[in-house]
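# Fold and contact review
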Amino acid sequence: MDTTDAIRREMSIFTLSQTTGLASLVFLAWREKTSVWDQWSECGFADIPENTVSLCDLLSDQDQLKLAADIAIGLLKEIVAANLERENAESISVQAIEAQS
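Overview of the structure. Starting from 1, residues in each chain are numbered consecutively following that chain's sequence as written. Since the coordinates come from a predicted model, pLDDT governs what is reported: local features require at least 70, and pairs of side-chain atoms require 80 or more to be given and counted, while whole-chain, interface and lining totals use all residues. Side-chain figures throughout are based on the complete set of non-hydrogen atoms in the structure, without hydrogens or water.

## A few points about the nonpolar core
One recurring pattern in soluble globular proteins is that nonpolar side chains are buried together. Keep this limit in mind: The set of buried Ala, Val, Leu, Ile, Met, Phe, Trp, Tyr and Cys residues whose side-chain atoms join them within 4.5 Å is what this entry labels a nonpolar core. For each residue, the accessible area found with a 1.4 Å probe, counting protein chains only, is set against the maximum for its type, and the residue is called buried under 20%, exposed over 50%, and partly exposed in between. Secondary structure follows DSSP: runs of H or I at least 4 residues long count as helices, runs of E at least 2 residues long count as strands, and numbering of each begins at the N terminus. Throughout, a contact is declared for two residues whenever any of their heavy atoms are within 4.5 Å.
Among the nonpolar cores identified, the biggest contains 20 residues, and Ile7, Met11, Leu22, Val36, Ile48, Leu67 and Ile71 are the most heavily contacted of them. Where this core is concerned, the elements lending two or more residues are helix H1 (3-11), helix H2 (16-32), helix H3 (36-43), helix H4 (50-58) and helix H5 (61-97). At five residues, the largest contribution of residues to this core is made by H2. With near-sequence residues (within four places) excluded, methionine 11 lies in contact with Thr19, Leu22, Leu67 and Ile71.

Have a look at this one:
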């Protein structure tokens, strides 16, 4: 198993907050030209396991960015899916209470 797979396996039990936090740490590390570990220590994201942070630092910069981008895309897909569900539910409930002739 490669490092990215190990990180994804650990992330499978993450909350939305942890997932978002990990992507944020990677993007901050890229921006500040530091390690993910440095950002984790500075930002105090204690809910993200140390092991996951350490594994991220084993990745190349490009692999870190790919991981963070994949996380961001996944989060956006969840947001879009939730909005579609809500819109569909609203549409169905409106149709259900309309008077019929």
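Having seen it, we continue.
## Looking at unusual backbone geometry
A positive phi angle, near 55°, is found at lysine 33, a position not held by glycine. Its place among the elements puts lysine 33 in the loop between H2 and H3. Of the residues examined, lysine 33 reaches a relative accessible area of 74% and is grouped as exposed.

## Observations concerning the pattern of salt bridges
Pairing is possible between side chains that carry opposite charge, provided their charged atoms lie close to one another. As a reminder of what qualifies: Here, a salt bridge means any side-chain nitrogen of Lys or Arg that lies within 4 Å of a carboxyl oxygen of Asp or Glu.
One pass over the structure, following the stated rule, counts three salt bridges. We note a salt bridge from glutamate 32 to arginine 31, for which the minimum N-O separation is 2.2 Å. A salt bridge links aspartate 70 to lysine 66; the shortest N-O distance between them is 3.0 Å. A residue pair is termed a helical-turn pair when its members lie 3 or 4 positions apart in one helix, as aspartate 70 and lysine 66 do in helix H5 at four residues. Here the salt bridges share partners, and the residues they tie into one network are Arg8, Lys66 and Asp70.

## Remarks on the side chain of glutamine 18
Considering the arrangement of structural elements, one finds glutamine 18 in helix H2. When residues no more than four places from it in sequence are discounted, the contact partners of glutamine 18 are Ile13, Asp47, Ile48 and Pro49.

## Thoughts on H1
The line we're drawing: Taking the helix axis as origin, the arc is that swept by the directions to the C-beta atoms.
Listing the buried residues of H1 in full gives Thr4, Ala6, Ile7, Glu10 and Met11. Seen along its axis, H1 keeps its buried residues to an arc of 160°; they face one direction.

## With respect to the packing of H3 against H4
Rules: Between the N-to-C directions of two axes lies an angle of 0 to 180 degrees, each axis being a line fitted to C-alpha atoms and, for a helix, fitted only over the stretch in contact. The nonpolar class holds Ala, Val, Leu, Ile, Met, Phe, Trp, Tyr, Cys and Pro. Asp, Glu, Lys and Arg form the charged class, and all remaining residues, Gly among them, are polar.
Direction vectors running N to C along H3 and H4 enclose 145°, while the axes themselves pass 8 Å from each other. Residues Val36, Trp37 and Trp40 of H3 touch H4, and the partners they reach there are Glu50, Val53, Ser54, Cys56 and Asp57. Broken down by class, the residue content of the contact of H3 with H4 amounts to five nonpolar, one polar and two charged.

## Things to note about H4
What H4 keeps buried is the set Thr52, Val53, Leu55 and Cys56. Down the axis, H4 shows its buried residues gathered within 160° of arc, on one side only.

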